[in-house]
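# Architecture at a glance
For reference, the chains in residue letters:
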Amino acid sequence: MEKFVPVVVIKELSETDKILTALKNNGINTAEITFRTACAAEAIEYAVKNYPNMSIGAGTVINAQQCEAALNAGAQFIVSPGLSAPVAEICKKQGIPYYPGCVTPTEIMQALELGITTVKFFPANIYGGLKALKALSAPFPQIKFIPTGGVDRSNIDEFLAFDKIEAIGGSFFVKESLDKMEAESK
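Everything in this summary refers to the structure shown in the same document. (Residues numbered from 1 in each chain as written. Predicted model: local features only at pLDDT ≥ 70, side-chain atom pairs only at ≥ 80, totals over all residues. Heavy atoms only, no water.)

### What about the overall build of the protein?
Worth spelling out the cut-off: Where helices and strands are cited, they refer to DSSP runs of H or I of at least four residues and of E of at least two residues respectively, numbered from the N terminus. Here the radius of gyration uses the C-alpha set of atoms, whereas the globule reference equals 2.2 Å times the residue count to the power 0.38. Contacts were defined at the residue level, with two residues in contact if any of their heavy atoms lie within 4.5 Å. Here the accessible surface of atoms and residues is derived via Shrake-Rupley with a 1.4 Å probe, and residues count as covered only by protein chains that are part of the display. Within this scheme the basic residues Lys and Arg register as positive and the acidic residues Asp and Glu register as negative, but His and the chain ends are omitted. Charged side chains are reduced to one point each, which is NZ for Lys, CZ for Arg, CG for Asp and CD for Glu.
Within the protein one finds eight helices and eight strands. On C-alpha atoms alone, the protein measures out to a radius of gyration of 16 Å, which is about the 16 Å that the 2.2 N^0.38 rule sets for 186 residues. Nonlocal contacts in the protein, meaning residues at least 24 apart in sequence, comprise 56% of its contacts between residues at least 6 apart. Carbon and sulfur atoms form 52% of the exposed surface of the protein, whose accessible area is close to 8900 Å². The centroid of the 17 positive side-chain charges in the protein is displaced by 3 Å from the centroid of its 20 negative side-chain charges.

Right, here's the structure in full:
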């Protein structure tokens, strides 16, 4: 997994090329396309077909039905805001990485019982940020985190310096990439 996982909301399929091109041009080859819009599965399918050098996943997957739809569309990883045992089972059977949102010791223990060792920590700013991650790492040294929510350019380096950070998730990568592409086109 790359160090940066942009959270991508595609409201209309026509936005897919612009967003993914901007990310690629900014050196980011991963996209977590959220399952919050009607065209999410279609956008994932389009992205996987047209951007074969990118790692395309599905985000905001909250149940088995969405997981199946995302995998049928070609998603290469699944991200959830919380932990879903049915989603974990589907991903395990398919050999697809699953990154569930886990912020408490109980949730992390449940993830470990399901064989998951990398979890999304969301929303990171609400649940204690880097201090919380460091505290949780003591009893769970085998866990890696993908903090999302409240991570931005003002604190990203602090997070990346911690060895238990697998990657950083965030929508700000999309905005930065689009802004940079627009500035370069002027």
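### Structural notes on the pattern of salt bridges
Pairs can form between side chains of opposite charge whenever their charged atoms are close. Stated formally: By salt bridge we mean one thing: a side-chain nitrogen of Lys or Arg within 4 Å of a carboxyl oxygen of Asp or Glu. Only protein chains enter the accessibility calculation, which uses a 1.4 Å probe; a residue is then buried when its area is under 20% of its type maximum, exposed when over 50%, and partly exposed in between.
Applying the stated criterion across every chain yields a total of three salt bridges. Across the pair Glu32 and Lys120 runs a salt bridge whose closest N-O atoms are separated by 3.9 Å. In this pair, Glu32 is assigned in strand E2 (residues 30–34) and Lys120 in strand E6 (residues 118–121), connecting sequence segments 88 residues apart. Note on accessibility: Glu32 and Lys120 belong to one class, buried.

### Describing the nonpolar core
The criterion, for reference: Each nonpolar core is a collection of buried residues, namely Ala, Val, Leu, Ile, Met, Phe, Trp, Tyr and Cys, held together in the definition by side-chain atoms within 4.5 Å.
Core analysis: the biggest nonpolar cluster contains 54 residues, and Leu23, Ile33, Ile78 and Phe145 have the highest contact counts within it. In this structure, Phe145 is in contact with Ile108, Val119, Phe121, Leu133, Leu136, Ser137, Lys164, Ile165, Glu166 and Ala167, ignoring residues within four places of it in sequence.

### Things to note about the environment of Leu136
Looking at where Leu136 falls in the secondary structure, it is placed in helix H6 (residues 129–137). The residues touching Leu136, leaving out its near neighbours within four places in the chain, are Val103, Pro105, Ile108, Phe121 and Phe145.

### Thoughts on unusual backbone geometry
Most of the time, phi is negative for any residue but glycine, and the peptide bond is trans. The omega torsion across Phe122 and Pro123 is -15°, close enough to zero to call that bond cis. Assignment of secondary structure puts Pro123 in the loop between E6 and H6. Located in the positive-phi region is Thr60, a residue other than glycine, with phi close to 55°. Here Thr60 is to be found in the loop between strand E3 (55–59) and helix H3 (64–72).

### Remarks on the environment of Leu114
Tracing the backbone shows Leu114 in the loop between helix H5 (105–113) and E6. Since its relative accessible area comes to 23%, Leu114 is described here as partly exposed. When the C-alpha atoms of Leu114 and Ala85 are compared, they prove to be 7.5 Å apart, with 29 residues separating the residues in sequence. Residues in contact with Leu114, not counting those within four places in the same chain, are Leu83, Ala85, Ala88, Glu89 and Lys92.

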